[in-house]
Amino acid sequence: MFRDAPHFDVRDYLRKEMMPHFLCPGCGHGMALRALLWAIHELNIDRDKLAVVSGIGCAGRLSAYIDANTFHTTHGRPLAYATGLALARPDLHVVVITGDGDCLAIGGNHLIHACRRNLKLTCLMLNNEIYGMTGGQVSPTTSETRLTTTTPHGNSEPNFDACALATAAGAGFVGREVTRHVPKLKELIKAGLQHPGFAFVEVVSDCTEVYGRKNDMGSSAEMVMRQKSEMRPSAYRDSVDEPFRSTDLPTGILAQNNRPEYGAALRAAAAARAGK
Amino acid sequence: MNAPDRHVPKAAAAKLLSGNAACAQGAIDAGCKFFAGYPITPSSEIAERLSTMLPAAGGVFIQMEDEIAAMAAVVGASMGGVKSLTATSGPGFSLKQENIGYAAGAEIPCVIVNVMRGGPSTGMPTRPSQADIFQTRYGSHGDYPMIVLAPASAREIYDETIRAFDLAELCRTPVILLYDQVIAQSSETVALGGRVPVHATRKWASGPREAYKPYAADADLVPPMPRPGDGYRTHTTGLTHSETGFPSQDPETVTRNLGRLYAKLDRHRDLIDSYEAVRCEDAEVVIVAIGISARAARRAVDACRAEGYKVGLFRPVTLWPFPEIALREATRNAKAILVPELNIGQLRLEIERQLRDRRVEGLHLISGEPITPAQIAASAAKLASEV
Ligand SMILES: Cc1ncc(C[n+]2csc(CCOP(=O)(O)OP(=O)(O)O)c2C)c(N)n1
Ligand code: SF4
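As recorded by an unreviewed UniProt entry, chain A carries the name Thiamine pyrophosphate protein domain protein TPP-binding protein and is attributed to Rhodopseudomonas palustris.

> Could you clarify how one ought to interpret the overall build of chain B in this entry?
Looking only at helices and strands, chain B has 13 helices and 15 strands in total. A compact globule built from 387 residues should have a C-alpha radius of gyration of about 21 Å, and chain B, at 21 Å, falls within 12% of that. Overall, chain B is about 70 × 45 × 40 Å in size when its C-alpha atoms are taken along their principal axes. Expressed as a percentage of contacts within chain B between residues at least 6 apart in sequence, the contacts between residues at least 24 apart total 76%.

> For this particular structure, what's the right way to read the site of ligand 2?
The full set of residues close to ligand 2 is L23(A), C24(A), C27(A), C58(A), N128(A), G132(A), C207(A), T208(A) and E209(A). In the shell around ligand 2, the residues fall into five nonpolar, three polar and one charged.

> So what exactly am I meant to see when it comes to the interface of chain A and chain B here?
Accessible area lost when the parts come together is the quantity often used to give the size of an interface. Tallying the contact residues gives 36 residues for chain A and 37 residues for chain B. Between chain A and chain B the total buried area reaches about 3100 Å² when both faces are included, carbon and sulfur atoms providing 59% of it. Its largest share of buried area at the contact with chain B, chain A owes to D48(A), H72(A) and Y81(A), together 19% of the area lost on that side. Applying the counting rule to chain A against chain B returns four salt bridges. R233(B) is the partner of D48(A) in a salt bridge, and the nearest nitrogen-oxygen pair spans 2.9 Å. Inspection of the chain A/chain B interface yields 18 residue pairs in polar contact (both at pLDDT 80 or more). Counting residues per element, the ones that place at least two in the side of chain A that touches chain B are β2 (69–72), α2 (78–88), α4 (108–117) and α10 (262–275) of chain A. In terms of residue count, the dominant contributor to the side of chain A that touches chain B is α2(A) (seven residues). As defined by bridge partners, β2(A) adjoins strand β9 (residues 235–237) of chain B across three bridges and the pair is classed as parallel.

> Sorry if this is basic, but what is going on with the UniProt feature "domain: Thiamine pyrophosphate enzyme TPP-binding" (unreviewed entry) in chain A here?
Taken from the UniProt record, the annotation "domain: Thiamine pyrophosphate enzyme TPP-binding" (unreviewed entry) applies to residues 60–203 of chain A. End C-alpha to end C-alpha, residues 60–203 of chain A measures 14 Å, and it is 33% helix and 19% strand.

> Even after reading the chapter, I still don't get the site of ligand 1, so can you show me in this structure?
Taken together, 18 residues sit near ligand 1, with H29(A), C58(A), G101(A), D102(A) and G132(A) positioned nearest. Per-site note: the chains with residues close to ligand 1 are chains A and B. At a separation of 2.9 Å, an oxygen atom of ligand 1 approaches a polar side-chain atom of H29(A). G132(A) has a polar backbone atom sitting 2.8 Å from an oxygen atom of ligand 1.

> Is there a simple way to think about the pattern of salt bridges in this case?
Opposite charge on two side chains makes pairing possible when the charged atoms of those side chains draw close. All names here are of chain B. Counted by the stated rule, this structure contains 40 salt bridges over all chains. Across the pair D302 and R298 runs a salt bridge, and its minimum N-O distance is 3.3 Å. Here the residue D302 and the residue R298 both occupy positions in helix α10 (residues 291–306), the gap between them amounting to four residues, near one helical turn. On the basis of relative accessible area, D302 is assigned to the partly exposed category, the value being 37%. With its nearest N and O atoms 3.2 Å apart, the salt bridge here joins K382 to E386.

> I keep staring at the packing of helix α1 (residues 19–30) of chain B against helix α2 (residues 44–56) of chain B and nothing clicks. Help me out?
Two measures define how a pair of helices packs: the angle their axes make with one another and the distance between the axes. Residues and elements named next belong to chain B. In contact at an axis separation of 8 Å, α1 and α2 are set at 35° when each is read in the N-to-C sense. Seen from above, α1 lies across α2 with right-handed handedness. Residues N20, A21, C23, A24, Q25 and I28 of α1 pack against E45, I46, R49, L50, M53 and L54 of α2.

> Would you explain α10(B) in this entry?
An α-helical segment advances 3.6 residues per turn. Residues three or four places apart therefore align on the same side. Residues and elements named next belong to chain B. Over its 16 residues, α10 runs 23 Å from end to end, which matches the ideal 22 Å to within 8%, given 1.5 Å per residue. Within α10 the residues assigned to the buried category are G291, I292, S293, A294, A296, A297, A300, V301, C304 and R305. Lining the buried residues of α10 we find β7 (174–180), α7 (181–185), β11 (285–288), β12 (311–316), β14 (336–341) and α13 (373–386). One or two steps after α10, the chain reaches G308, where phi turns positive at roughly 90°.

> When you look at the packing of α1(B) against helix α6 (residues 154–171) of chain B in this model, what are you seeing that I'm missing?
Residues and elements named next belong to chain B. One way to put it is that α1 packs onto α6 with a least axis distance of 8 Å and a crossing angle of 35°. Like other packed secondary-structure pairs, α1 and α6 cross with a definite hand, here right-handed. Between α1 and α6, the residues in contact are G19, A22, C23, Q25, G26, A27, D29 and A30 and A154, I157, Y158, T161, I162 and F165, respectively.

> So what exactly am I meant to see when it comes to the sheet that holds β14(B) here?
Each strand in a sheet pairs with its neighbour through backbone hydrogen bonds, running either in the same direction (parallel) or in the opposite one (antiparallel). Residue and element names in this part refer to chain B. Across the sheet, five strands lie side by side as β10-β12-β11-β14-β15; this open sheet has mixed pairing. Whereas interior strands pair on both sides, the edge strands pair on one side only; in this sheet they are β10 (275–278) and β15 (359–364). When the angles between neighbouring strand axes are averaged without regard to direction, this sheet yields 20°. As judged from the four bridges shared by β11 and β12, these two strands associate in the parallel manner. Its bridge partner being in β12, V285 is matched across the sheet by V311. Lying on the sheet, α10 is in contact with β10, β11, β12 and β14; it crosses β12 at an angle near 165°.

> How should I be thinking about the pairing of strand β3 (residues 93–99) of chain A in this particular structure?
Consecutive side chains along a regular strand alternate between the two faces of the sheet. Residue and element names in this part refer to chain A. Burial runs high along β3: seven of the seven residues are buried. Along β3, one buried face is formed by H93, V95, I97 and G99 and the opposite face, lined by V94, V96 and T98, is buried too. Bridge analysis of strand β1 (residues 50–54) against β3 gives five bridges, and the strand direction is parallel. Bridge pairing in β3 links L50 to H93. By the bridge criterion, five bridges tie β3 to strand β4 (residues 122–127) in an arrangement that is parallel. Following the sheet pairing, V96 is matched in β4 by C123.

Reading the values: rules and limits
Residues numbered from 1 in each chain as written. Chains lettered and ligands numbered in written order. Predicted model: local features only at pLDDT ≥ 70, side-chain atom pairs only at ≥ 80, totals over all residues. Heavy atoms only, no water. Helix = DSSP H or I, 4+ residues; strand = E, 2+ residues; numbered from the N terminus. Rg over C-alpha atoms; globule rule 2.2 N^0.38 Å. Contact = heavy atoms within 4.5 Å. Near = heavy atom within 4 Å. Nonpolar A, V, L, I, M, F, W, Y, C, P; charged D, E, K, R; others polar. Buried area = accessible area lost by both parts, 1.4 Å probe. Salt bridge = Lys/Arg side-chain N within 4 Å of Asp/Glu carboxyl O. Polar contact = N/O pair within 3.5 Å; in protein donor to acceptor, adjacent residues only side chain to side chain. Pairing = 2+ DSSP bridges. UniProt positions renumbered as here; feature names shortened; annotations may be inferred. Buried < 20%, exposed > 50% of the residue type's maximum accessible area, 1.4 Å probe, protein only. Axes fitted to C-alpha atoms, helices over the stretch in contact; angles between N-to-C directions. Left-handed = near helix turned anticlockwise from the far one by under 90°. Expected span 1.5 Å × (residues − 1).

Following this line, the structure appears as structure tokens:
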């Protein structure tokens, strides 16, 4: 049986009054939530000072389960809400939870600019390749040819590599991990939470109910196991010469830099002007 | 309301100020500490000025990637406990609507300035218009109440900006300031001192954390707000919710909560309602107008009176909720009402709804020019001679 570090009990971090939760059995979002809470636990982040801002979707619903200051905002906009909150309250630790549709479709512009701006926020994008909450419509991350309720003949749009996008847009920290190995995911989220600027963490999640079923991807266990064959750690990937490189999505920390953090830079500029 | 933070205004030195400049100054004097915006004519001077003034006042200015983001950031900053403002014009205001509705539903105080331009679509950026009267009231989806203030001069923009922040904090609700391009961009000599604004401070949650329910209202129907960091660890959502803040679709709960949103504004009507009635006591024709049209109408009233016509002016400063009782009072002796406005007939429709027993005529200009006092005087005199 899978065992947590002895001192971590996820129940200590959940709102008991919200149980039972609404996630479908086998939904990868549950594991992502567990990894986030575990990371928060290990970093000993004060939950009175922890603000979790989420968008709309199954991923967006997760904030309500976390015993902290939680904000369930509008579809696609959690990064923009979080920007205001973090600028107004630099003493808070602000975490954003968003889905692939929330973050890359309706909220794509906010993601690009949050990466560029580099305000201290940790953005967890749960990528299940589908619009789960609205019943399984195609998303910007749905693989080509896959069936969804709005691509009855198979998806014919190429999908997005969110991490490549975030890297290109200048995010200070970019990483991707699968839910198959929760401790590893927890470590990546921890690294993201500790990064002093904008951290983008893509969690490869799975939607068993409205995606897996439609595409005959098997049980939730099978969907999670599939992540192994489709994901390669970036170190492994980079060790292979170009023509032989796997086309699969790399995992691990994919980019990291120490550009100046936006909020601090803004406050310093204001202080310098006020001093004059 | 908590103990008002009485603010002693600076000495009343007269300055040449545009309406937009007066708005920026009003925001600073009201204690605004956060502005997020996206440039759009004819509102941009507010952002430009605040980009200098806010950091100097210990606040934050940010130009976001679009109006949706700007509105979201303003709500986010206010959720953190900071008085927040955004300013825009028609197309940007349309984009803000979903998040304005969120602020209304989740009860997050904030102030939104809409300097109107003609439309539809990009319309006439540098021309005056008054065509967003309904958009301010009904622009977001679903049922929700809204406070909209419609000042008519630079001085009044200053006062109403401060009042907008006060009402937002007092009622835990978004407040919209609505004015037109002429007032926004013309400079007037303004003496800013002289009035002591109320300066409402937000009612924060206090007391035992276990017993606290974020949407359990006090007697004034406004619930104390949880400040992140104070240990209340609550949930805020745009979904219908119970007093706990958690989503609920229980018919009785959602009905009661939405009803309270309307009732809390009713409860504060004496502070919200503001209007001006000029020579209405004996008026046979009452002109009802806002903004630049009301200023032209004021001149028209004098011109008509000089010719012996009994004409008055009713100017709602609070546009929504409409000061209906005051309108009834001001039009008690009127046989006809004239509504001059820079649109196809928005304010007229509302006046017709309220004064169904009276003849209501509109004077509507959609050419992008302001209505002149002479045009209004001619219509008013004609109406007065007919009734
Ligand atoms: C403005 C707006 N448009 C559309 C919707 C409907 N909607 C709710 S959730 C959702 C998609 C969520 O998908 P994703 O972000 O991938 O999250 P998931 O449910 O898969 O976790 C949509 C389109 C909405 N709530 N608001
Ligand atoms: S619909 Fe999909 S994403 Fe949503 S809870 Fe169910 S399995 Fe998870």
